[in-house]
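Now for the letters of each chain:
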Amino acid sequence: MLRTIVLEDGQCFDEALLARSTVISADTLATVQTIIDDVRAQGDEAIRKYTLSFDNCNLLDFKVPDDMLNAALKGSDPEVVKALRHAAARIYDFQKKSCPQSTFNVRTDGSMIGTKVTALNTVGFYVPGGRAQYPSTVLMNVIPAKVAGVRRVIMCTPPNEKGSIDQTTLAAAAIAGVDEVYACGGAQAIAGMAYGTTTIPRCDKIVGPGNIFVAAAKKLVDGDCGIDMIAGPSEVLILADETAQPTFIACDMMAQAEHDPQASTYLITTDPELVDEVEAEIERLLEDAPRAEIITSSLGDNGLAVICPDLSSAIATANLIAPEHLEIQMEEPLELLGLIENAGAIFLGPWSVEAAGDYIAGPSHTLPTSGTARFSSPLSVETFIKRTSVISYSLSALAADADTITTIADEEGLDAHARSVRERIAFVESVE
């Protein structure tokens, strides 16, 4: 089932074998640009038009009444609500401890240099509909924003044909503290949040996963507002040696594969026998798996096992792939942590199951995909703040730095820069 590659001594993994790309086709971008342009020109009318066309739902008012959130909370399965509240508390606690603060440093010359941290004013969250509902994503995206101090949190999610939204998703929105919910999805929802309409407020930043049209819309509006990332298919990479349990690996690969036929799963190992053992466990577990068809498709198309000659080669391969999720199921995994350079989230040891990170551990499960962990970070409170430099000079501080400033300004040919300092010094000298 898994495509298998054996690396020889001194051989490096060829990244081209992954066939991953964050490139969105020109046709898709053109289609989405038309939708964005329509929403910018026609506002709510365009959103209604596309909601009818794409979701087969005719909504005159797509703002979800506020009381429906509390009604969904009361009407949902009590055990599910209890679990969501437990997860929310864990997420809140982790994000609160990670929240950055403004910092200021007073120098001996009387100058003060620092950074002012300010939360964004309005943030929009996209929550996908389709084949599955993910209330956990509501918690993982909204709570960090609330902890950061975002003043207005709105959520867009596509309605079903009857115009309603999944009750558990609304319950999660109530728990997380979403201020407003709008029943609209797709590129039109992204455009509405990016530019504002009569109904939907303009947002400073848009976050959340979605299909290729949502990804294209986020790419096109980036710059007019902020975005978190262009999310690709979900992925997991498992680093394993002869101490790993094949059943655990099989379960975790299947857990990733059941998301989507496009999801990617990688097994990187120094044990040649482990691949066969894992495949045998997958075959056994598939016999009663409700999502067996999706899992089989995903593993068949996007499952990869790489047998490495040694640990150094295995680590290098993992860093090259830069996965969204990376599990280390090896002896003494903590000792290997410092060697991992590229990963969205790292799970150490056999008991650190990825599902814990998906639901309750605390860090957000919204992570960089498609190799972007080389330069990107997970969604967190940092996503929802901006930093402003603060500079406060005393006269003595300016006098001490004057020669340096004017020398560099003169070298760059920026006379007014230099003069702005020299005139101040001359003024002080003239009144003394």
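Worth saying up front: this structure is predicted, and the values here are computed from it rather than measured.

Peer 1: Tell me about the pattern of salt bridges, residues and numbers included.
Peer 2: Counted under the stated rule, the structure contains 10 salt bridges. Between K49 and D38 there is a salt bridge, with the nearest N and O atoms lying 3.3 Å from each other. Here K49, found in helix 2 (residues 44–55), pairs with D38, found in helix 1 (residues 26–42); they are 11 residues apart in sequence, far enough to count as distant. Given a relative accessible area of 18%, D38 falls into the buried group. As a salt-bridge pair, D179 and K146 come within 3.2 Å of each other at their nearest N and O atoms. Residue D179 is located in the loop between helix 6 (167–176) and strand 7 (180–182), and its partner K146 is located in helix 5 (residues 135–148); the two are separated by 33 residues in the primary sequence.

Peer 1: Could you give me a rundown of helix 14 (residues 395–411), with the residues and numbers involved?
Peer 2: The first and last C-alpha atoms of helix 14 sit 24 Å apart over 17 residues, in line with the 24 Å expected at 1.5 Å per residue. For helix 14, the principal kink sits at D401 and spans about 50°. By the burial criterion, the buried members of helix 14 are A397, L398, A402, T406 and A409. In this structure, the buried residues of helix 14 make contact with helix 15 (415–431). Directly after helix 14, the chain includes G413, whose backbone phi takes a positive value near 75°.

Peer 1: Explain the sheet that holds strand 9 (residues 226–227) to me, and be specific about the residues and the numbers.
Peer 2: Overall, mixed pairing links the six strands, which are arranged 2-7-6-5-8-9 in an open sheet. The two strands at the open ends of the sheet, each matched to only one other strand, are strand 2 (63–64) and strand 9. Across three bridges, the pairing between strand 5 (residues 122–126) and strand 8 (residues 205–207) is parallel. Across the sheet, G124 pairs through a bridge with I206, a residue of strand 8.

Peer 1: If you had to explain the environment of T247 to someone new, which residues and values would you point to?
Peer 2: One can find T247 in helix 9 (residues 246–257). When the C-alpha atoms of T247 and A280 are compared, they prove to be 9.1 Å apart, with 33 residues separating the residues in sequence. Those residues in contact with T247, other than ones at most four positions away along the chain, are E281, R284 and L285.

Peer 1: Could you give an account of the environment of G163, naming the residues involved and the relevant values?
Peer 2: By the secondary structure assignment, G163 is in the loop between strand 6 (152–156) and helix 6. Placed 123 residues apart in sequence, G163 and R40 show a C-alpha to C-alpha distance of 23 Å.

Peer 1: Which residues make up the packing of helix 9 against helix 11 (residues 292–302), and what values go with them?
Peer 2: Where helix 9 meets helix 11, the axes come as close as 8 Å, and the angle between the chain directions of the two elements is 100°. What the angle tells us is that helix 9 and helix 11 run roughly perpendicular. Facing helix 9, whose interface residues are M253, M254 and A257, helix 11 presents I294, I295, S298 and L299.

Peer 1: Provide a residue-level description of the sheet that holds strand 10 (residues 235–240), including the pertinent values.
Peer 2: One open sheet holds the six strands; their spatial order is 1-12-11-10-13-14, and the pairing between them is parallel. Because the sheet does not close on itself, it has two edges, and the strands there are strand 1 (3–6) and strand 14 (345–348). This sheet shows a mean twist of 15° between the axes of neighbouring strands, independent of strand direction. Both strand 10 and strand 11 (residues 264–269) contribute to a ladder of six bridges, which runs parallel.

Peer 1: Lay out the state of the cysteines with the relevant residues and their values.
Peer 2: The full count for this structure, using the stated rule, is zero disulfides. Take C156: it sits in no disulfide, and the sulfur closest to it among the cysteines is that of C184, at 3.8 Å.

Peer 1: Residues and numbers for unusual backbone geometry, please.
Peer 2: At A322, a position not held by glycine, the phi torsion is positive, near 50°. Looking at the element boundaries, A322 is found in the loop between helix 12 (311–321) and strand 13 (325–329). Residues other than glycine seldom take positive phi values, yet E332 does so here, at roughly 55°. In this structure E332 comes out as partly exposed when scored by relative accessible area, which is 47%.

Reading the values: rules and limits
- Residues numbered from 1 in each chain as written.
- Predicted model: local features only at pLDDT ≥ 70, side-chain atom pairs only at ≥ 80, totals over all residues.
- Heavy atoms only, no water.
- Salt bridge = Lys/Arg side-chain N within 4 Å of Asp/Glu carboxyl O.
- Helix = DSSP H or I, 4+ residues; strand = E, 2+ residues; numbered from the N terminus.
- Buried < 20%, exposed > 50% of the residue type's maximum accessible area, 1.4 Å probe, protein only.
- Expected span 1.5 Å × (residues − 1).
- Bend = angle between axes of the 7 residues up to and from the residue.
- Contact = heavy atoms within 4.5 Å.
- Pairing = 2+ DSSP bridges.
- Axes fitted to C-alpha atoms, helices over the stretch in contact; angles between N-to-C directions.
- Parallel < 35°, antiparallel > 145°, perpendicular 65-115°, else oblique.
- Disulfide = S-S within 2.5 Å.

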